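# Report on the structure
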Amino acid sequence: MSSPPVARTESAQPPRPVQRLGDRIFSTSTLTAGALILATLAAVAAFLILQSTPALTENPEDISIFTSGETFWTYVGPLIFGTLWSAALALLMAVPLAIGIALFISHYAPRKLAQGLGYVIDLLAAVPSVVFGLWGANTLAPLVQPFYLWLTENLGWIPLFAPPASGTGRTILTAAVVLAVMILPIITALCREVFLQTPVLHEEAALALGATRWEMIRMTVLPFGRAGIVSASMLGLGRALGETMAVAMVLSSSGVISFALLTSSNPSTIAANIALSFPEAYGLNVNVLIATGLMLFAITLVVNAIARYVINRRKEFSGAN
Amino acid sequence: MAQTTTAPLQRSGSGVGPGRPNPAPGPGAMPNVYASGRLGKSVPWIVLGVSLLVSAAIFGLAQAASGGDFNVVGTIVLTGLLNGIGIYLTALLVEGARQAKDRLVTTLVTSAFIVALAPLVSLFITVLSRGTARFDIQLFTYSMRNIVGEGGGVLHAIVGTLIMTGIATIISVPIGLLTSIYLVEYGRGALARAITFFVDVMTGIPSIVAGLFAYALFAIFFGPGIRLGVAGAVALSVLMIPGVVRSSEEMLRLVPNELREAAFALGVPKWLTILKVVLPTSIAGITTGVMLAIARVIGETAPLLVAAGFTSNMNYSPLEGRMQSLPVFVYSSYVSQGTDAQAYLDRAWAAALTLILIVMALNLIARLVARAFSPKLGR
Amino acid sequence: MKFTPFGRAAAVATLAALTLTSCAVNEMPGAATGNGAATELTGTLVGGGASSQQSAQEAWVAAFQGMHSAVTVEYDPAGSGAGRDTFIAGGSAFAGSDRAFKDAELADEEFTACVPDTGLVELPAYISPIAVVFNLEGVDTLDLDPTTLAGIFSGTITTWNDKAIASQNPDATLPNQTITPVHRADDSGTTENFTEYLNVTAPDVWSWEADGVWPDAVKGGEAAQQTSGVIDAVTSGTGTIGYADASRSGELGTVAVKVGDEYVPYSAEAAAAIVDASPLVDGRGEGDLAIQLDRATTEAGVYPIVLISYLIGCTEYKDAETAKLVKEYFSYIVSEEGQKVSADAAGSAPISAAIAEKSAAAIELIK
């Protein structure tokens, strides 16, 4: 870059700062590092696209991972569906819970305990996903299976609970529960922060007017935090879309598109499918898997960009930051 | 004044307004007009106890009738439901609809927290109880080379994890730190905005995509099918850099401008000011951020599975051959169990326990560092 | 910079930890040498391929390295396809593969590690029987013919007391329960062999061609990851049926399949017998024991659902040292002792004496 960095000039009309060699080296290296990040992101996209093209251009008959008559799009279709569906289910469970927890920590729990309770929820974020996978497959799935059986027997007329129930409990609902647990700390942490930034005067004004605690929260905290909740959910969604190991280990998948939550035929997700197929993939199969990864990259990129856009817009308007 | 993101908890509704139930009037005292029509302090607890008793009785009878195990989960769920309904109805009768709703929400919010604790507790109990079976010295002194069936250890995985995470740290910390310095001290205009935006976007890259990127990058130079420790490290640093940038940026912004201005006033060049004044002031926070970033990537499985593969041998060279890591070890021993399945499962759980302990330790140290050094900033 | 004390301490601690713990006890020189007798062999032998052989290869490698302490054998379980590709490209000295090379591949490919136009050695050294396992209360064995089996797995037979099953098992008390077939979710040689068996023996019911991926067109059924997933699913469910490596069948009930006029339960001998009952592929070189598996065989006492995994090497290596290592390693594998080791570790069926003899003759060609 040619333009020299301009030092901060708070006082009136300072003399032009002297450009020393050290300054120039240092600022250039920081600039390089910053540019490197942009380059990395571009490289991620470029390499994925480069390695994906054979999957789309070669004759699908030559690619052994496709069953006969399948093309890339029919292969990736159910995977995209599974990715979106499982993430949506996870979000549906996690968001209300996370808002509840965030409120509990910010407005209900005794003040002395609040920070400690926050750490406890953060502990969930520290558990590696592979451990969540082990836990989901070995502990959670057998635990919920009888419940699934009961649901299909008594509420089987609802399409979501269509029988037959899976014999092992490794359904998309179980996977979504694990995902929900995994994104819970992210959404909670962000919501908590936003709730804590609610102007105290608003809250006190509401209480002074005789509002109950819940009415105060509904009138001041939630409206103030709405944008924060939306963006936190989007970030959680991005995480759920890309989560790999937990889904790969928990879900019993086959390439179908189905909304049924409790049966043993579940759609797989892009990330889980890559993790399961990649170790033994060779030749064009690798390119196909990378191409599905590119799809995932594109989806998460859009979701995250929207989330960041919402956050940034809120920053400008609310003045909270 | 800089606003920290971890603002101290300033408010809690209790103590203000009608959310707090007043104590019941003592014997012989004048009836307290403010307490009339209010539930006593102990009432919610009584409702909770009654619900617990009722649901325990229901499930106890069910157990006696059908002869199965006592359904603990069912009892707890039913208790929660009954408690919610009970408190709502009681409050509705005594206090009116608005208070009843308030109490109901209080119950809901509290139970949301308890519900979130359930998986955490269950997970730790499971990992502890199943992980201790093989949590012995052999686990930390053996690799899996020449091991058939029982025995064996995860030393090769631990070493692989350390090497790959180490390289990832060496790559990410300078880039991340320099970028954050750029953003805080130099960056203005479109480029800085673009970097901020894309760092945020990068935070959301799925880990498996980072793995695919590293694989694709190395496959171009070394041919298809390549699995290298350094490829795993590259994948990890893609995931780690945004974390380092964000946390260091926050910490650098906390450094008071007065310090910089004082240094400038003494004629110190800007780069020296940053190196000698700004960085040392914020080093504790930056260390914490880096450790948390390490803790995040050390548990990553998918990118390493794709980029570094798995092996049963010790491998010290990140530039040659596959490299095992703890998370991948857990995964691969879980999915490909041999004839003696229990031995593989025991190893998987023991490795999972080791991994959790490492991550917890990193988190703990990070928080300790933050606590020990941050008061210097006076906040 | 100020963080040097930190950094230095951390670096020292890490280094200390590394040097203290770095040598895995079992990898120290001399650790694995049970008897350091035959040690004239040295060098590193690299192979790769079928993950089905992984457990067996681990056992073979462990024993072989125990006998020759200066030798390191590395087997990379990257999958059959990757193994064949790496072998063709010369990246490995031998390959493990769930199928032999096809005629077209032999004609077209240039095998980098081999002297040109010398042909390959292909040995059916790893025979893994596939058991059809089920979990049904009070029933330990079932007799089923291929058509019924195909009907169950394709979803046309849905209850356990279906006439087709009951007529073949007059003694068993079959409940009126839904059948949950369990299949592999991942691409696997087990699935490929099982579907080939169904396709060959019951083409009317099972019209899908053999494939490592379970056909999407088959409705219903539970998918599970890897062998352990299938075993888990069958064990923890009720009324479930699946197919898996026989060594993992454990306490589960197994199906005796109809071959000719009788029902043959799974056994290691019966599984190994199919290799003897099947002809070699025509027009192959002297060392090439590629087998044309005759799944529809009617010969008595043959269990036809097996997975055969080959060891593939060159007849003539460009590098003489490699040739010596491969020769010694292959000889060990097909020896009685080698087959016993893999039977213990991986539950494979030891190859018959006749095949062992043929294999030994083929190995003699390696130079």
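Just so you know, these numbers come straight off a predicted model, no measurement behind them. (Residues numbered from 1 in each chain as written. Chains lettered and ligands numbered in written order. Predicted model: local features only at pLDDT ≥ 70, side-chain atom pairs only at ≥ 80, totals over all residues.)

### Quick look at the overall build of chain C
Along its length, chain C carries 12 helices and 11 strands. Seen through its principal axes, chain C has C-alpha atoms that stretch 75 × 65 × 40 Å. (Helix = DSSP H or I, 4+ residues; strand = E, 2+ residues; numbered from the N terminus.)

### Some points on the overall build of chain A
Looking only at helices and strands, one finds 10 helices and 0 strands in chain A. Ordered by position in the sequence, the α and β elements of chain A form the string α-α-α-α-α-α-α-α-α-α. Its C-alpha atoms give chain A a radius of gyration of 25 Å, clearly above 20 Å, the size a compact globule of 321 residues would have. Each principal axis of the C-alpha atoms in chain A carries an extent, and together these give about 75 × 60 × 30 Å. Scored against the burial criterion, the 321 residues of chain A give a buried share of 57%. Put simply, of all contacts in chain A between residues at least 6 apart along the chain, 80% involve residues at least 24 apart. (Rg over C-alpha atoms; globule rule 2.2 N^0.38 Å. Buried ≥ 20, exposed ≤ 12 C-beta atoms within 10 Å, placed from the backbone. Contact = placed C-beta atoms within 7 Å.)

### Considering the domain arrangement of chain C
All names here are of chain C. According to the domain assignment, chain C contains domain 1 (8–128 + 272–292 + 307–363) and domain 2 (130–270). On the side of domain 2, 10 residues touch domain 1, which itself brings 13 residues to the contact. If you list the elements that add at least two residues to the side of domain 1 that touches domain 2, you get helix 9 (268–277) and helix 11 (336–346). The class makeup of the residues in the side of domain 1 that touches domain 2 is 8 nonpolar, 4 polar and 1 charged. (Domains from an automatic or database assignment. Nonpolar A, V, L, I, M, F, W, Y, C, P; charged D, E, K, R; others polar.)

### Structural notes on the interface of chain A and chain B
On the chain B side, the residues contacting the 79 residues of chain A number 83 residues. If you tally residues by element for the side of chain A that touches chain B, the top one is helix 1 (residues 21–57) of chain A, at 18 residues. Taken together, the residues that form the side of chain A that touches chain B break down as 51 nonpolar, 20 polar and 8 charged.

### Focus on the confidence of the model for chain A
Chain-level pLDDT for chain A is 84 on average; 91% of the residues reach the 70-or-more range. pLDDT under 50 marks residues 317–321 of chain A. Its contacts with residues more than four places away, or in other chains, come to 3 contacts. (pLDDT = per-residue confidence, 0-100.)

### Focus: the interface of chain C and chain B
Taken together, the contact between chain C and chain B spans 27 residues of the former and 26 residues of the latter. At the level of secondary structure, the elements contributing two or more residues to the side of chain C that touches chain B comprise helix 1 (4–21), helix 2 (54–67), helix 3 (80–88), helix 8 (226–236) and helix 11 of chain C. The leading source of residues in the side of chain C that touches chain B is helix 2 of chain C, at 6 residues. Among the residues making up the side of chain C that touches chain B, the classes are represented as 12 nonpolar, 12 polar and 3 charged.

### Examining the nonpolar core
Residues A:Leu134, A:Leu179, A:Ala275, B:Phe213, B:Val330 and B:Ala352 are the most contacted members of the largest nonpolar core, which totals 214 residues. Sort the elements by how many residues they give to this core and helix 5 (residues 172–196) of chain A lands first, with 20 residues. Mapping this core onto the domain boundaries places at least three of its residues in each of domain 1 (37–133) and domain 2 (139–373) of chain B. When near neighbours in sequence (up to four residues on either side) are disregarded, B:Ala352 contacts A:Val131, A:Leu134, B:Val127, B:Gly131 and B:Val330. (Core = buried A, V, L, I, M, F, W, Y, C linked by C-beta atoms within 7 Å.)

### Overview of the packing of helix 3 (residues 111–126) of chain A against helix 5 of chain A
All names here are of chain A. Running from N to C, helix 3 and helix 5 cross one another at 140°; their axes reach a closest spacing of 7 Å. Considering their axes alone, helix 3 and helix 5 lie oblique with respect to each other. Here helix 3 and helix 5 pass one another in a crossing that is left-handed. Where helix 3 abuts helix 5, its residues Gly118, Ile121, Asp122, Leu124 and Ala125 lie against Val181, Leu184, Pro185, Ile186, Thr188, Ala189 and Arg192. Here the residues of the contact of helix 3 with helix 5 are counted per class, giving 8 nonpolar, 2 polar and 2 charged. (Axes fitted to C-alpha atoms, helices over the stretch in contact; angles between N-to-C directions. Parallel < 35°, antiparallel > 145°, perpendicular 65-115°, else oblique. Left-handed = near helix turned anticlockwise from the far one by under 90°.)

### Looking at the environment of B:Ile208
Along the chain, B:Ile208 turns up in helix 7 (residues 207–222). Placed 97 residues apart in sequence, B:Ile208 and B:Leu305 show a C-alpha to C-alpha distance of 8.8 Å. Once residues lying within four places of it in the same chain are set aside, the contact partners of B:Ile208 are A:Gly242, A:Thr244, A:Ala271, A:Ile274, A:Ala275, A:Gly293, B:Ala302, B:Pro303 and B:Val306.

### Some thoughts on helix 5 (residues 146–154) of chain C
Residue and element names in this part refer to chain C. For helix 5, a buried count of 8 out of 9 residues is recorded, marking the element as mostly surrounded by other parts of the structure. Of the residues making up helix 5, those classed as buried are Pro146, Thr148, Leu149, Ala150, Gly151, Ile152, Phe153 and Ser154. A positive backbone phi angle near 90° is found at glycine 155, which sits one or two residues after helix 5.

### Regarding the pairing of strand 3 (residues 94–97) of chain C
Residues and elements named next belong to chain C. Alternating residues of strand 3 divide into Phe94 and Gly96 and Ala95 and Ser97, and every residue in both groups is buried. Here strand 1 (residues 43–49) runs beside strand 3; their pairing, made up of 3 bridges, is parallel. The residue of strand 3 that forms the bridge with glycine 47 is phenylalanine 94. Bridging between strand 3 and strand 11 (residues 306–314) involves 3 bridges; their strand directions are antiparallel. Looking at strand 11, one finds that alanine 95 is bridged to isoleucine 312. (Pairing = 2+ DSSP bridges.)

### A closer look at the environment of B:Arg227
Residue and element names in this part refer to chain B. The residue arginine 227 is located in the loop between helix 7 and helix 8 (229–254) in this model. Each C-alpha atom of the pair arginine 227 and tyrosine 88 lies 60 Å from the other, and the pair is 139 residues apart in sequence. Every residue in contact with arginine 227, bar those within four places of it in the chain, is listed here: Ala307, Ala308, Gly309 and Arg322.

### A short note on unusual backbone geometry
Residues and elements named next belong to chain C. Although it is not a glycine, aspartate 117 adopts a positive phi angle of roughly 60°. Looking at the element boundaries, aspartate 117 is found in the loop between helix 4 (103–108) and strand 4 (120–135). Classification of aspartate 117 as exposed rests on a count of 8 C-beta atoms within 10 Å.

### Describing the packing of helix 2 (residues 72–108) of chain A against helix 5 of chain A
All names here are of chain A. Two numbers describe how helix 2 lies on helix 5: the axes approach to 6 Å, and their chain directions differ by 40°. Of the two possible hands of crossing, helix 2 and helix 5 adopt the one that is right-handed. Here the contact of helix 2 with helix 5 is built from residues that sort into 27 nonpolar, 4 polar and 1 charged.

### What about the pairing of strand 2 (residues 71–76) of chain C?
One face of the sheet, then the other: side chains in a regular strand alternate in exactly this way. Residue and element names in this part refer to chain C. Pairing of strand 1 with strand 2 involves 6 bridges; the strand directions are parallel. For valine 46, the partnering residue across the bridge sits in strand 2 and is glutamate 74. Crossover handedness for the path strand 1 to helix 2 to strand 2: right-handed. (Right-handed = clockwise from strand over helix to strand, strands pointing away.)

### So, the environment of C:His68
Summarising the element assignment, C:His68 is placed in the loop between helix 2 and strand 2. Along the sequence, C:His68 and C:Thr42 sit 26 residues apart, while their C-alpha atoms lie 7.7 Å from each other.

### What to know about the confidence of the model for chain C
All names here are of chain C. Across chain C, pLDDT averages 83, with 90% of residues at or above 70. Across residues 1–5, confidence stays below pLDDT 50; counting only partners more than four residues off in sequence or on other chains, it has 7 contacts. This stretch, residues 31–38, has a pLDDT under 50; its non-local contacts, to residues over four places away or in other chains, come to 13 contacts. Across the predicted assembly, pTM comes out at 0.82 and ipTM at 0.83.

### Things to note about helix 9 of chain C
Looking only at helix 9 of chain C, the buried set comprises C:Ala270, C:Ala271, C:Ala272, C:Ala273, C:Ile274 and C:Val275. Each element contacted by the buried residues of helix 9 of chain C is listed here: strand 4, strand 10 (262–264), strand 11 and helix 12 (353–364) of chain C.

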